[in-house]
Amino acid sequence: MAVVMSLLLSGCGSDNSGSGNTPAADPGKSNQETSKNASDISGKITFLTNRTDMIGKEYDEYLKRFNEKYPNIEVELEPSQTDYNQQAKVRMASQELPDVMFIPTIPNSDLPKYFAPLDDLGLNDQVTFKDFKSFDGKLYGISSGNSTSGIVYNKKAFADAGITEVPKTWDEFLAACEKLKQKGIVPLASNFKDKWPLNNWVYDLPRVIENNPNFPNDKLNTDTPFTMDNGYGKAMGLLRQLNEKGYLEKDINSTNWEQSKKDIAAGKFGMYFLGNWVINQVIGAGTTSDNVGFFPLPYDNSGKPSAALSPDFFYAVAKDSEHVDAAKAFVKWMIEESGYEDFAGFIPPLKNKESKLAQLKEFQSGGVKLQEGTVDDPVVTDISNKAQLDLPAVAQEFVLASDPQKVLDKWNAAWAKARKEVKH
Amino acid sequence: MFGSLSYSKQKMIIIISFLTVPLLLLATFTYYPAIKLVYYSFTNWDGYSPEKPWVGLDNYREVFANPDIFKVFEHNFAYFVMGIIQNIIAIYFAVVLNNRLRGKNFFRILLFLPYIMNGVAVAFMFGYVFDTTNGSLNLLLGSLGLSGLSDTSWLGTEGLVNYSLASTGLWRFMGYNMVIYIASLQAIPQDIFEAAKIDGASSMQTLWRITLPNMKPVIQLNLFLTVTGALEVFDLPFVLTKGGPAGASQTYVQRVVDTAFAYNNYGLASAMSIILLFFVVFVLLIQQLVLNRGGNK
């Protein structure tokens, strides 16, 4: 499940300027208006969800509250198989979409073929990442929750190792790692083998290092997108440095994701560099919320923290749904009232909502600048696919290679070739 | 109502009605998808859009223009080696368990059980066995005093990872091969063995001159299964290593799946599948040629 989520977190970002602090206008008012005719909306809708773990538990509770407001809408939950993205695409190919679903990775120009515009939900001025799943000025997808990435750490492990303050610079970070290592704690759990846990190193960090939200799309204009001194080389270099100093797992090719959560919770591992969605999972693996902290990764010595903000899955309503109104009402309710984002550990998808998570408050206390990215350029995606470029896999090669420059050269060559073929 | 029909007509009706269902199933789930696959291999379909632009032989050209794609077959070599060993062990156990032996059914079941288990579950299980720091294999080696070996990264060393993975396949499929061998052993007429015994043949001579030659067609069948299995490995590396470290355990089928589902290029992936199909046929032809050199029986 986490794999699916993190895959989606990958190449993302957008340009809403607020960081979720805008005070709510008067949420009660708009709710009253919709509830007037709430019972008029009826129909049976299906929702294809990736959170199979919530079926029979949280979703039951959501649906109960939902039906108090919309008594005539029947929601049927359909659990997805392991790969949501793939399954959704198969359903799109067969033209049998569920009424409510998350948008798989397709170009935005294809959105109108499958999904209904959501502009009439009255959320347009509140949603984050509004341009992310829009086409021709129409909104087709609304983020179900947003994420940032940073260091999730075990506070007790830090205290045991004698780290009194969270590191503000890369040098301080390395010093903290050394202290953890001396104490017999694995400083940072990379989960290198599983590849997807490296997503934040290659999708988030480079654009933050470059201070350029559009950095991933700038690949379009060059034949050598990967150099040692640009965002990609620097970000992967940091990971390589941590590995060389022995600050990652003893054998990075033999890691175990499920076990690592328990080890972080127990303080055998010190840190993760992952999205904030992992916080609740670590707590669930056997520790208390006040033992888990979260701070931005200090990728350089400037002392000015910044981090990437990315959306998770986007809710969408199928164009050919028989009960579009019911489906839309469900989406609106999930975003405004379900409380799903707090359960899943997301930053709320609406600008005027504040997170209830203590860790997110800690994260933002150091004055971190949250950088939102832009929509992936479909041409860049085309070239990446043509070159069979998989950035986390490149990072793996980069860290393991005896000569990392050769890895960059190889992928630059593949990129240049694919770019020529796609652009011709 | 059939009474008025002639006997041969009744026979025809029965044959047709009995064959319709299995043939329909075969056509729907084997031939139709296969024909579709050939068709897709001439398009550059992205996997979900309604348009499937025709590109002719472009996909095939692209595959053959990229030697990297065929390099992954080197990784399959380990599975082939392990497959041969697997067959030798299987013949050994088949011969042993075909004798009069106390509890032989128990041992047969014991050896066959891994085959019944789900492939992904097996892969998952061996993930724990091969784990470097907490894995049972390294713990065992450590407690045997082989501390030099107990730090081995079974799935993280480039030259070793494919053999580690293939040994899992050996554990899983050996019992299956064994059952086939036992069946063929039991089909050898006992009087040949008795005659050999009377002539004073040793057990080694009996094995070499009577048992093995009589099992030749079945050995061929098992080798066929081994070779195609080795060329089409997917689940083990997919679950255990994701093709890592740095692509060292990636197999051809995994590459096909990535091309289709990760890089949205169903056309190219279909072409790769068709090429694999021909490759398998080609390898099997060579195998037939080599094994039948001594003249057919």
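Treat the numbers as computed from the prediction; the structure is a model and nothing was measured. Within every chain, residues take consecutive numbers counted from 1 along the sequence as written. Each chain gets a letter, beginning with A, and each ligand a number, beginning with 1, in the order they are written. In keeping with the predicted nature of the model, local features appear solely for residues at pLDDT of at least 70, side-chain atom pairs appear and are counted solely at 80 or more, and the whole-chain, interface and lining totals rest on all residues.

Asks: Help me understand the overall build of chain A, please; the structure alone is not making it clear to me.
Replies: Numbering goes from the N terminus for both helices and strands, where a helix is a DSSP run of H or I of at least four residues and a strand is a run of E of at least two. Each helix and strand in chain A was counted, giving 17 helices and 13 strands. Here the C-alpha radius of gyration of chain A, 22 Å, is about what a compact globule of 424 residues would show, namely 22 Å. Along the first, second and third principal axes, the C-alpha atoms of chain A reach 65 × 55 × 35 Å. Exposure classification rests on a simple neighbour count of other C-beta atoms within 10 Å of a residue's own: a residue reaching 20 or more is buried, one at 12 or fewer is exposed, and one in between is partly exposed. C-beta atoms are placed from the backbone. Scored against the burial criterion, the 424 residues of chain A give a buried share of 49%. In chain A, once contacts between residues fewer than 6 apart in sequence are set aside, the share between residues at least 24 apart is 80%. Computation of the radius of gyration draws on C-alpha atoms alone. For the globule rule, the value is 2.2 Å times the number of residues to the power 0.38. We call two residues in contact whenever the C-beta atoms placed from their backbones are within 7 Å.

Asks: Would you explain the overall build of chain B in this entry?
Replies: If you tally the helices and strands in chain B, you get 14 helices and zero strands. Secondary structure elements in chain B, listed N-terminal to C-terminal, are α-α-α-α-α-α-α-α-α-α-α-α-α-α. C-alpha atoms of chain B, sized along the principal axes, occupy 80 × 75 × 40 Å. Within the span of chain B, comprising 297 residues, buried residues form 30% of the whole.

Asks: Explain unusual backbone geometry to me, please; I cannot follow it from the model alone.
Replies: Residue and element names in this part refer to chain A. One non-glycine residue with positive phi stands out, namely Gln-95, at about 60 degrees. With respect to the helices and strands, Gln-95 occurs in the loop between helix 4 (84–93) and strand 3 (100–102). A count of 11 C-beta atoms within 10 Å places Gln-95 in the exposed class. Backbone geometry places Asp-136, a non-glycine residue, at a positive phi of 55 degrees. With respect to the helices, strands and loops of the structure, Asp-136 is situated in the loop between strand 4 (134–135) and strand 5 (138–139). For Asp-136, a count of 10 C-beta atoms within 10 Å translates into the label exposed.

Asks: Sorry, what's going on with the domain arrangement of chain A here?
Replies: One widely used convention gives an interface's size as the accessible area the parts lose upon coming together. Residue and element names in this part refer to chain A. The domains assigned to chain A are domain 1 (1–15 + 148–311 + 358–424) and domain 2 (22–145 + 313–353). Between domain 1 and domain 2, the residue contacts involve 15 residues of the former and 20 residues of the latter. Of all the elements in the fold, those that place two or more residues in the side of domain 1 that touches domain 2 are helix 1 (2–9) and helix 11 (278–284). With three residues, the top contributor of residues to the side of domain 1 that touches domain 2 is helix 1. For each domain, the first and last residues come from an automatic or database assignment.

Asks: What is the right way to look at the packing of helix 8 (residues 199–209) of chain A against helix 16 (residues 391–400) of chain A in this model?
Replies: Packed helix pairs are characterised by how far apart their axes lie and by the angle those axes make with each other. All names here are of chain A. Direction vectors running N to C along helix 8 and helix 16 enclose 110 degrees, while the axes themselves pass 7 Å from each other. Between helix 8 and helix 16, the interaxial angle falls into the category roughly perpendicular. Judged by residue contacts, Asn-199, Trp-201, Val-202 and Tyr-203 of helix 8 engage Leu-391, Pro-392 and Ala-395 from helix 16. For the contact of helix 8 with helix 16, a count of residues per class yields six nonpolar, one polar and no charged. As a rule, the C-alpha atoms of each element are fitted with a line to give its axis, helices using only the stretch in contact, and angles between N-to-C directions run from 0 to 180 degrees. Put simply, angles under 35 degrees are roughly parallel, angles over 145 are roughly antiparallel, angles from 65 to 115 are roughly perpendicular, and the rest are oblique. Charged residues are taken to be Asp, Glu, Lys and Arg, nonpolar residues to be Ala, Val, Leu, Ile, Met, Phe, Trp, Tyr, Cys and Pro, and polar residues to be all remaining types, Gly included.

Asks: Help me out: how do you make sense of the nonpolar core in this one?
Replies: Nonpolar side chains in soluble globular proteins tend to be buried together. Residue and element names in this part refer to chain A. Throughout this description, the term nonpolar core refers to a group of buried Ala, Val, Leu, Ile, Met, Phe, Trp, Tyr and Cys residues whose C-beta atoms join them within 7 Å. If you look at the biggest cluster of nonpolar residues, it comprises 74 residues, and the most contacted ones within it are Val-152, Trp-201, Met-236 and Ala-395. Two domains each donate at least three residues to this core, and these are domain 1 (1–15 + 148–311 + 358–424) and domain 2 (22–145 + 313–353). Those residues in contact with Ala-395 that sit more than four places away from it in its chain are Leu-198, Trp-201, Val-202, Met-236 and Leu-239.

Asks: Just to check I follow, could you spell out the interface of chain B and chain A for this structure?
Replies: Facing the 19 residues of chain B at the interface are 20 residues of chain A. The residue makeup of the side of chain B that touches chain A, split by class, is seven nonpolar, 10 polar and two charged.

Asks: Which parts of the structure should I look at to understand the packing of helix 15 (residues 378–386) of chain A against helix 17 (residues 404–423) of chain A?
Replies: Residues and elements named next belong to chain A. In contact at an axis separation of 8 Å, helix 15 and helix 17 are set at 125 degrees when each is read in the N-to-C sense. Comparing the axis directions of helix 15 and helix 17 gives the class oblique. Of the two possible hands of crossing, helix 15 and helix 17 adopt the one that is right-handed. Residues Val-379, Asp-382, Ile-383 and Lys-386 of helix 15 lie in contact with helix 17, whose contacting residues are Trp-415, Ala-418, Arg-419, Glu-421 and Val-422. Its residues assigned to classes, the contact of helix 15 with helix 17 comprises five nonpolar, no polar and four charged. Crossing handedness is read from the near helix: turned anticlockwise from the far helix by less than a right angle, it gives a left-handed crossing, and turned clockwise, a right-handed one.

Asks: Explanation requested: the pairing of strand 2 (residues 73–79) of chain A in the structure shown.
Replies: Regular strands place their side chains on alternate faces of the sheet. Residue and element names in this part refer to chain A. Strands are labelled as partners when DSSP assigns at least two bridges between them. Of the strand pairs in this sheet, strand 1 (residues 43–49) and strand 2 are connected by seven bridges, and their pairing is parallel. When the bridges of strand 2 are listed, Phe-47 appears paired with Leu-77. A crossover gets the label right-handed when its path from the first strand over the helix to the second runs clockwise, viewed with the strands pointing away from the viewer. Handedness of the crossover joining strand 1 and strand 2 through helix 3 (residues 58–69) is recorded here as right-handed.

Asks: Can you walk me through helix 14 (residues 358–365) of chain A in this structure?
Replies: Since the α-helix packs 3.6 residues into each turn, any two residues three or four apart lie on the same face. Residue and element names in this part refer to chain A. Residues Gln-359, Leu-360, Phe-363 and Gln-364 constitute the buried set of helix 14. Summarising the axial view, the buried residues of helix 14 lie within an arc of 130 degrees, below the 170-degree limit, and thus occupy one face. Along helix 14, exposed side chains directed more than 90 degrees from the buried face belong to Lys-361 and Ser-365. On the buried face of helix 14, the contacting elements are strand 7 (146–154), helix 11 and strand 10 (292–295). Within two residues after helix 14, Gly-367 carries a phi angle of roughly 70 degrees, on the positive side. Comment: arc refers to directions from the helix axis out to C-beta atoms.

Asks: When you look at helix 13 (residues 252–262) of chain B in this model, what are you seeing that I'm missing?
Replies: Residues and elements named next belong to chain B. The complete set of buried residues in helix 13 reads Tyr-252, Val-253, Gln-254, Arg-255, Val-256, Thr-259 and Ala-260. In this structure, the buried side of helix 13 is in contact with helix 3 (67–71), helix 4 (73–98), helix 12 (235–240) and helix 14 (266–291). With its phi angle positive at about 55 degrees, Asn-264 sits one or two positions after the end of helix 13.

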